[in-house]
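Listed below are the residues making up each chain.
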Number of protein chains: 2
Amino acid sequence: MVFEFNKLFAFTKNIFLKMGCPEEDAQSATEVLLSADLRGVDSHGVARLSGYVRLWEAGRINTNPKVKTVHETPSTAVIDGDGGLGLVVAPIAMQVAIEKARIAGTGWVSVKNSNHYGIAGHHALKAVSEDMIGMSMTNASPLVSPTFSKERLLGTNPIAVAIPAGEEPPFVADMATTTAANGKLEILQRKNQDAPEGWIQDKEGKPTTNAYGVKEGGALLPLGGDREHGSHKGYALGSIVDIFSAVLSGANYGPWVPPFVAFLEPDPNPVGEGIGHFFGAMRVDAFRPADEFKSHMDNWIRRFRSAETTPGNDKVLIPGDPERALETERMANGIPLLEPVQKDLASLGEKFGVDFNFDNL
Amino acid sequence: MVFEFNKLFAFTKNIFLKMGCPEEDAQSATEVLLSADLRGVDSHGVARLSGYVRLWEAGRINTNPKVKTVHETPSTAVIDGDGGLGLVVAPIAMQVAIEKARIAGTGWVSVKNSNHYGIAGHHALKAVSEDMIGMSMTNASPLVSPTFSKERLLGTNPIAVAIPAGEEPPFVADMATTTAANGKLEILQRKNQDAPEGWIQDKEGKPTTNAYGVKEGGALLPLGGDREHGSHKGYALGSIVDIFSAVLSGANYGPWVPPFVAFLEPDPNPVGEGIGHFFGAMRVDAFRPADEFKSHMDNWIRRFRSAETTPGNDKVLIPGDPERALETERMANGIPLLEPVQKDLASLGEKFGVDFNFDNL
């Protein structure tokens, strides 16, 4: 079943209001969450709403955070999220990066004491309309094993980079630093299919194609899959995200990152506060005139998009193309939700007295 | 055969002097080149010296460049390398990033009109002794096909990030954004072995395990190998390096990057000047007190290094561990050079009247 964006937005915002979020925060959190549904990153959209609610019920989310800058220089800041929703803290932090960039050319913000912040790409994209390059990354609950490690020590730790163009739409890379995101395993599980090699290892640390491998105590593998295919590079990238997001800010890092699921307790001996994010903004004209840059970006994009393809493929894609196509389609025709997600939202609606039985398309 | 570091250094420096480099530039270029041999990135060390000489003979390297900043803000600069050796231009640009970071908290430098700059990690490491995080990336001759592309549009475009620790040695990631670097193919060719799947495609754009696939008109594949294993992520990373290095600075990008080999002509219709690099430096105490940061880095490194391993593996490595071990070993016991490289250096010595027949260990 397919739901109209505006109605799903109103419903979600109402839930955040019922949780005690101020109007402005509820609006901002809903924008972030719904942008995942629009862009096809379904695992990070309204499907997660009940997860945030459960964390709040467990006393692990502050819906009235006083988000503040605790240290700064002309081009940097550290922000304390005061235990707020990452969906609320992240847009504030990204805005600080953008303001720094206006004055200093670039702005770099590391955030502690936050929670999961939705999709990385949404935050990075905020810079683009300012003629800036935006960057966004976050650490996350440990589900990933470094190369040669049996233990889960890293999250899927995504990196997003959004780059403005002129007549062409922006370049938007938004990627987990693993071979495949957890959401893809859930799709395979529903279809009762095996996972490709190089995605996961079992709880003994051996490669497996069992799509339930992670649920059964195994781990996602870093981008590359195994050493021969460059998994030490995916591991390094995930580590850089962890260090920029948390060791720079004073958040928890590595295996100490608090779990997203409320039924798992955070480590009783944390090494920092909450989870961490990192944001960057670089003013294009801090390097060269914006028009010049954007016309070369157009040229870059057109050259790559028109490249001759390998057999069986139509077109070389530019990072961001598939998500943008989905966004247009879903804004026009609605957002499809799986039945378990619908039920989940309906029961949230019931709990908070917010009507979910709106007409769907 | 194994060669003493100091003697190989003196020989190499003499060649650069004979090419007309000023004393200071010859010293700096040799430091960069030899650091590759020390750290085990043999393909980027003295094995490339004759390649640089041939480019100079072809009139494509200026050994007396006036390297200058052509645009700047408090935290950014664009540097024109004046057609100099990347080995000379890169250390100057990295130093500008470091000086910017002292004042503004961070410094970001994009470079145009340069040439190949040796190993990325060497430049990033320069920041570490200043209690800064260093970053370094460069574009390079097109050898890599984006996901679904038959054409080579990107170089192996490496990313290096060096992060200081306290008692532990620094974290140093230095990676091509491809599954495997070209140097690894040469090793397989010498051993007459096939390449693993996911490393290369043939000139038709089909996956191949032929280790000569790239030489025969095929391409290296982005990190991930194919779409199912995340090659769109490696492609995005290589693209980001290309854009930061060249579209920001005004260098050539994508398929227009001039080839490293002198026997291939640069594109007669360039889109910029020379090749491009990008450097960053972030003062750790622009975020939190350096001692605090470094003690948490020690904790991060120790936790990861002591992780329980997968079957058949001894230890989880920290990025930079293998290169540092080699550096210690080779500084003490000498640098091994393959026979073709020795012959190459001997004939360079003959051409320039520089004695290569020094006693080797």
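Residues numbered from 1 in each chain as written. Chains lettered and ligands numbered in written order. Predicted model: local features only at pLDDT ≥ 70, side-chain atom pairs only at ≥ 80, totals over all residues. Heavy atoms only, no water.

Turning to the sheet that holds strand S6 (residues 159-163) of chain B, a few remarks are in order. Taken together, seven strands build an open sheet; the order of strands is S2-S3-S4-S11-S5-S6-S7 (chain B) and the sheet is mixed. One side of each edge strand has no neighbouring strand; the edge strands of this open sheet are strand S2 (68-73) and strand S7 (171-175) of chain B. Neighbour-to-neighbour, the strand axes of the sheet open up by a mean angle of 10°, direction not taken into account. Strand direction decides the pairing type here: S6 of chain B and S7 of chain B, joined by five bridges, are antiparallel. If you follow alanine 162 of chain B over to S7 of chain B, its bridge partner there is valine 172 of chain B. Contacts between helix H7 (residues 231-247) of chain A and the sheet are confined to strand S5 (132-138), S6, S7 and strand S11 (275-283) of chain B, with S7 of chain B contributing the most and set at about 135° to the helix. (Pairing = 2+ DSSP bridges. Helix = DSSP H or I, 4+ residues; strand = E, 2+ residues; numbered from the N terminus. Axes fitted to C-alpha atoms, helices over the stretch in contact; angles between N-to-C directions. Contact = heavy atoms within 4.5 Å.)

Moving on, we get to the relation of the copies chain B and chain A. Superposition of the two copies of the chain requires a rotation about an axis together with a shift along that axis. Expressed as a screw transformation, the operator carrying chain B onto chain A has a rotation angle of 180° and an axial translation of 0.0 Å, and the superposed copies differ by an RMSD of 0.0 Å. Viewed as a symmetry operation, the transformation between the two copies matches a two-fold axis. Closest approach to the rotation axis within chain B is made by the C-alpha atom of glycine 224 of chain B, at a distance of 2.5 Å. Same-surface contact between copies: 100% of interface residues of chain B are shared with the interface of chain A. (Least-squares fit on C-alpha atoms with pLDDT ≥ 70 in both.)

Residue and element names in this part refer to chain A. One open sheet holds the seven strands; their spatial order is S2-S3-S4-S11-S5-S6-S7, and the pairing between them is mixed. Only two strands of the sheet have a single neighbouring strand rather than two, namely strand S2 (68-73) and strand S7 (171-175). On average, each strand axis in the sheet is inclined to that of its neighbour by 10°, with strand direction left out of account. Pairing of strand S5 (residues 132-138) with strand S6 (residues 159-163), which is carried by four bridges, proceeds in the antiparallel orientation. Note on S6: the bridge partner recorded for serine 136 is alanine 160.

What follows concerns unusual backbone geometry. Of note, the phi angle at asparagine 157 of chain A is positive, near 25°, even though the residue is not glycine. Among the secondary structure elements, asparagine 157 of chain A is positioned in the loop between S5 and S6. We classify asparagine 157 of chain A as buried; its relative accessible area is 0%. The backbone phi angle of aspartate 82 of chain B is positive, close to 55°, even though this residue is not glycine. (Buried < 20%, exposed > 50% of the residue type's maximum accessible area, 1.4 Å probe, protein only.)

Let us now look at helix H6 (residues 182-191) of chain A. All names here are of chain A. Looking only at H6, the buried set comprises Gly183, Leu185, Leu188 and Gln189. Here the buried face of H6 lies against strand S8 (200-201) and strand S10 (219-220). Just downstream of H6, asparagine 192 is the residue with a positive phi angle, here 60°.

Residues and elements named next belong to chain A. Packing of helix H1 (residues 5-18) against helix H3 (residues 49-57) brings their axes to within 11 Å, and their N-to-C directions diverge by 0°. Looking at the two axes, H1 sits roughly parallel to H3. Of H3, the residues touching H1 (which contributes Phe11, Thr12, Ile15, Phe16 and Lys18) are Leu49, Val53 and Trp56. Grouping the constituent residues of the contact of H1 with H3 by class yields six nonpolar, one polar and one charged. (Parallel < 35°, antiparallel > 145°, perpendicular 65-115°, else oblique. Nonpolar A, V, L, I, M, F, W, Y, C, P; charged D, E, K, R; others polar.)

Our focus in this paragraph is the domain arrangement of chain A. Residues and elements named next belong to chain A. Taken domain by domain, chain A holds domain 1 (1-64 + 334-361), domain 2 (65-178 + 223-319) and domain 3 (180-220). The distance between the C-alpha centroids of domain 2 and domain 3 comes to 25 Å. Here domain 2 packs against domain 3, burying approximately 780 Å² in sum over the two surfaces, 49% of which is carbon and sulfur. Considering only the side of domain 2, the residues that lose the most area to domain 3 are Leu143, Lys150 and Arg152, jointly responsible for 53% of the buried surface there. On the surface where domain 2 and domain 3 come into contact, there are zero salt bridges. Applying the counting rule to domain 2 against domain 3 returns seven residue pairs in polar contact (both at pLDDT 80 or more). (Domains from an automatic or database assignment. Buried area = accessible area lost by both parts, 1.4 Å probe. Salt bridge = Lys/Arg side-chain N within 4 Å of Asp/Glu carboxyl O. Polar contact = N/O pair within 3.5 Å; in protein donor to acceptor, adjacent residues only side chain to side chain.)

A separate point is the nonpolar core. Core analysis: the largest hydrophobic core is formed by 104 residues, its most contacted members being Phe244 of chain A together with Phe244 of chain B. Core analysis: the second largest hydrophobic core is formed by 35 residues, Ala26, Leu49, Leu87 and Ile335 of chain A among them. (Core = buried A, V, L, I, M, F, W, Y, C linked by side-chain atoms within 4.5 Å.)

So, about the interface of chain B and chain A. Of the residues lining the interface, 91 residues belong to chain B; the matching set on chain A comes to 91 residues. Summed over both partners, the interface of chain B with chain A comes to about 7300 Å²; 68% of that surface belongs to carbon and sulfur atoms. On the chain B side of the contact with chain A, Phe148, Lys233 and Phe287 of chain B bury the most area, a combined 11% of that side's loss. Taken together, the connections running from chain B to chain A amount to four salt bridges. With its nearest N and O atoms 3.1 Å apart, the salt bridge here joins lysine 150 of chain A to glutamate 308 of chain B. The tally of links from chain B across to chain A stands at 36 residue pairs in polar contact (both at pLDDT 80 or more).

Nonpolar side chains collect at one region of the surface, where Val261, Phe263 and Leu264 of chain A lie side by side and expose about 310 Å² of accessible area between them. Within the secondary structure, phenylalanine 263 of chain A is located in the loop between H7 and strand S11 (275-283). (Patch = residues over 30% accessible without salt bridge, like charges linked within 9 Å, V, L, I, M, F, W, Y side chains within 5 Å. Areas by Shrake-Rupley, 256 points an atom, 1.4 Å probe, with all protein chains shown as cover.)

For the rest of this paragraph, the subject is the side chain of threonine 63 of chain B. Residue and element names in this part refer to chain B. Here threonine 63 is to be found in the loop between helix H3 (49-57) and S2. Here threonine 63 falls in the buried class, since its relative accessible area comes to 9%. At 3.1 Å, the side chain of threonine 63 forms a polar contact with the backbone oxygen of methionine 19. The contact partners of threonine 63, leaving out residues within four places of it in the chain, are Met19, Gly20, Cys21, Pro22 and Trp56.

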